[in-house]
Amino acid sequence: NAWVFLKGLETLPLRMKQHCINALELAVWLETQPAVRKVFYPGLHSHPDHQLASSQQTGFGAIVSFEVHGERADAWLVIDSTEMLSITGNLGDTKTTITHPATTTHSQLTEEQQAAGGIKPELVRLSVGIEHIDDLVVDLDQALAKV
């Protein structure tokens with residue numbers, strides 16, 4: 001296991017660069033989508049902590065979250081409608097994953113605790129992978145069109 005882990009570290013900088021490039025491009029695209037209410041990604045100028053992140057980091061990571069217009073069912077409609085993205089609570093894969101934090105990773109919290117943490121029923125989280133960005137956009141575009 002240690003050998004496999006160390007072998008993976010050899011390409012980590014290259015993979016992280018692509019994760020960050022894809023995540024920023026996808027976040028910018030998501031901001032233009034009519035089905036999306038709000039996008040959360042520190043690489044966006046619209047993010048409240050963009051200046052802080054810019055001063056501390058050379059990249060903004062692979063995690064992009066967004067709220068769809070509507071309710072929990074609409075968020076799940078988007079998630080269930082993706083064809084290429086994997087539905088999972090895991091982060092950090094080379095392939096893009098999608099999840100619904102309110103019913104997966106944050107489900108142990110009360111509704112009040114979720115609300116205090118910004119975990120709304122219409123929130124969707126992506127861990128953006130290194131696939132070609134056009135493929136990610138096509139998949140999310142067709143899923144968002146159903147909302």
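Since the structure is predicted, the reported quantities are computational estimates derived from the model, not experimental observations.

A. Region of the structure containing the side chain of His 100. Structurally, the position occupied by His 100 is in the loop between strand 4 (97–99) and helix 5 (111–116). The exposure class assigned to His 100 is buried, which follows from its relative accessible area of 0%. In this structure, His 100 is in contact with Arg 72, Ala 75, Trp 76, Ile 79, Pro 121 and Leu 123, ignoring residues within four places of it in sequence.

B. Up close: the nonpolar core. If you look at the biggest cluster of nonpolar residues, it comprises 26 residues, and the most contacted ones within it are Leu 26, Leu 30, Val 39, Val 64, Phe 66, Leu 126 and Leu 144. Listing elements by their share of this core, those giving two or more residues are helix 2 (12–30), strand 1 (36–40), strand 2 (63–68), helix 4 (72–81), strand 5 (123–127) and helix 6 (133–144). Once you skip the residues sitting within four places of it in the chain, Leu 126 turns out to touch Leu 26, Leu 30, Ala 62, Ile 63, Val 64, Phe 66, Leu 85, Thr 97, Ile 98 and Leu 140.

C. The pattern of salt bridges, seen in detail. One pass over the full model with this rule turns up four salt bridges. Taking the shortest distance from any N to any O, the salt bridge between Arg 37 and Glu 67 comes out at 3.7 Å. Of this pair, Arg 37 sits in strand 1 while Glu 67 sits in strand 2, and the two are 30 residues apart along the sequence. Under the relative-accessibility criterion, Glu 67 is labelled buried at 3%. With a shortest N-O distance of 2.8 Å, Arg 37 and Glu 122 are connected by a salt bridge. Of this pair, Arg 37 sits in strand 1 while Glu 122 sits in the loop between helix 5 and strand 5; the two residues are 85 residues apart in sequence, bridging distant segments of the chain. Within the structure, one salt-bridge network assembled from shared partners comprises Arg 37, Glu 67, Lys 120 and Glu 122.

D. Fine view of the sheet that holds strand 5. As summarised here, the arrangement of the five strands in space is 1-2-5-4-3, forming an open sheet in which the pairing is mixed. Of all strands in the sheet, those bounded by a partner on one side alone are strand 1 and strand 3 (86–87). The sheet contact formed by strand 2 and strand 5 spans five bridges and is antiparallel. The partner of Phe 66 across the bridge, within strand 5, is Val 124.

So, how was this worked out
- Residues numbered from 1 in each chain as written.
- Predicted model: local features only at pLDDT ≥ 70, side-chain atom pairs only at ≥ 80, totals over all residues.
- Heavy atoms only, no water.
- Helix = DSSP H or I, 4+ residues; strand = E, 2+ residues; numbered from the N terminus.
- Buried < 20%, exposed > 50% of the residue type's maximum accessible area, 1.4 Å probe, protein only.
- Contact = heavy atoms within 4.5 Å.
- Core = buried A, V, L, I, M, F, W, Y, C linked by side-chain atoms within 4.5 Å.
- Salt bridge = Lys/Arg side-chain N within 4 Å of Asp/Glu carboxyl O.
- Pairing = 2+ DSSP bridges.

In short, the description is geometric, and any link to function would need to be established separately.
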